[in-house]
Amino acid sequence: MSELKKSKLIERLSHFLLRGPEDREQLFELLKSSYEKNLMDADSLSMIEGVLQVSEMQVRDIMIPRSQMDVIDISHPPEKFIPFVIETAHSRFPVIEDDKNDVIGILLAKDLLKYYAGDDFEIRDMLRPTVFIPESKRLNVLLKEFRGSRNHIAIVVDEYGGVSGMVTIEDVLEQIVGEIEDEFDFDETEDNIIQDKNGHYRVKASTEIEDFNLYFNVNFSNEEFSTIGGLIIHAFGHLPKRDEKITFEGFKITILRADSRKLYSVLLEIDSPSNSV
């Protein structure tokens, strides 16, 4: 891109950014037009759109619900919760007392090295202060607070003061860089199972096992897991990363999208179909 074209683009973007919110649609049109004219690449376009969208989103839109929070109970001894820490592989854990409504601090996984070093180990002494935020806090404000305070995790509370979930700085950043679309992304309105031109199937991890069985004429049990994602994670024995592969019950499975906390979608290729688990 020539310096002249760059300066003109920046000038036009600045012009729209300085005007009122009624020009937001025009700004999006300008960005798309710039992409179509090869003034920016697809990644840049997606990230800029992500930044603009973050300013309109609230914590409640992306938080991890309380029921899905991985926490440590202060009443449990280290030998009981350390295997859980290793299995989930998070760097920070909310620590609770009695129940998830009583978060008393944040434990950094690296602080558990003191336990293995044989030092005096008292988990209460290692807890970092808990940051509580309302569900209504805007993501751009939260991101600024995260950067300023060097905190990476916050506990979300509802209007009555009860814990409704948690959010991390990674969750916020994923709203920016995670919006980059590729051939593996689903539109929210698309079906859970889509056959591509190669005869393979893109499947959302949230697909109910009952629906999966009906589509593929198989008979996976839903007694232990309700979604195909839960079944696949169990088959791997851990939360898999993108591009990890496994052959399972007649299907060749490739992970398409996953992060440190959740499996989103997989690619299935029928190997030798089986009707039993």
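See the structure above.
Residues numbered from 1 in each chain as written. Predicted model: local features only at pLDDT ≥ 70, side-chain atom pairs only at ≥ 80, totals over all residues. Heavy atoms only, no water.

Caption draft 1: Region of the structure containing helix α9 (residues 209–216). Of all the positions in α9, only I209, F212, N213 and F216 are classed as buried. All buried residues of α9 project into a common sector of 100° when viewed along the axis, lining one side. Away from its buried face by more than 90 degrees, α9 exposes E210 and L214. Looking at the buried residues of α9, the elements they touch are β8 (193–195), β9 (201–204), α10 (228–236), β11 (251–258) and β12 (263–270). (Buried < 20%, exposed > 50% of the residue type's maximum accessible area, 1.4 Å probe, protein only. Helix = DSSP H or I, 4+ residues; strand = E, 2+ residues; numbered from the N terminus. Arc of directions from axis to C-beta. Contact = heavy atoms within 4.5 Å.)

Caption draft 2: Broad picture of the sheet that holds strand β3 (residues 92–97). Overall, mixed pairing links the three strands, which are arranged β2-β3-β4 in an open sheet. Either end of the sheet is taken by a strand with one partner, and the two such strands are β2 (72–73) and β4 (99–108). Looking at chain direction, β3 and β4 are connected through six bridges and run antiparallel. When the bridges of β4 are listed, P94 appears paired with I106. Against the sheet, helix α4 (residues 78–88) contacts β2, β3 and β4, and its axis sits at roughly 145° relative to β3. (Pairing = 2+ DSSP bridges. Axes fitted to C-alpha atoms, helices over the stretch in contact; angles between N-to-C directions.)

Caption draft 3: Looking closely at the packing of aromatic side chains. According to the stated counting rule, one finds 10 aromatic pairs in the structure shown. With centroids separated by 5.4 Å and ring planes inclined at 80°, the aromatic side chains of F216 and F251 adopt a geometry described as edge-to-face. Of this pair, F216 sits in helix α9 while F251 sits in strand β11; the two residues are 35 residues apart in sequence, bridging distant segments of the chain. Neither residue differs from the other here; F216 and F251 are each classed as buried. Grouping aromatic residues by their ring pairs yields a cluster made of Y201, F212, Y215, F216, F220, F248 and F251. Seen from the ring of Y264, R257 lies directly overhead, with NZ or CZ sitting 4.2 Å from the centre. (Phe/Tyr/Trp six-rings, centres within 6.5 Å; stacked < 30°, edge-to-face > 60°. Lys NZ or Arg CZ within 6 Å of the ring centre and 35° of its normal.)

Caption draft 4: Inspection of the sheet that holds strand β5 (residues 132–134) at higher detail. The strand order β1-β7-β6-β5 describes an open sheet built from four strands, whose pairing is mixed. In this open sheet, the two strands that pair with only one neighbour each are β1 (64–65) and β5. With five bridges connecting them, strand β6 (residues 153–157) and strand β7 (residues 163–168) associate as antiparallel partners. Opposite V156, over in β7, you have G165 as the bridge partner. Packing against the sheet, helix α7 (residues 139–149) makes contact with β5, β6 and β7, and its axis sits at approximately 65° to β7.

Caption draft 5: Molecular detail of the environment of R128. Position of R128 among the secondary structure elements: in the loop between α6 (123–126) and β5. When the C-alpha positions of R128 and L107 are compared, they lie 6.3 Å apart, and in sequence the two are 21 residues distant. Once you skip the residues sitting within four places of it in the chain, R128 turns out to touch G105, I106, L108 and D111.

Caption draft 6: Main features of the nonpolar core. Among the nonpolar cores identified, the biggest contains 20 residues, and V203, F212, F216, I232, F251, V266 and L268 are the most heavily contacted of them. Those elements that provide at least two residues to this core are β9, α9, α10, β11 and β12. If one sorts the elements of this core by residue count, α10 sits on top with four residues. Among all residues touching I232, those that are not within four sequence positions of it are I253, I255, L263 and V266. L139, V156, I169 and V172 belong to the second largest nonpolar core, which has 16 residues in total. (Core = buried A, V, L, I, M, F, W, Y, C linked by side-chain atoms within 4.5 Å.)

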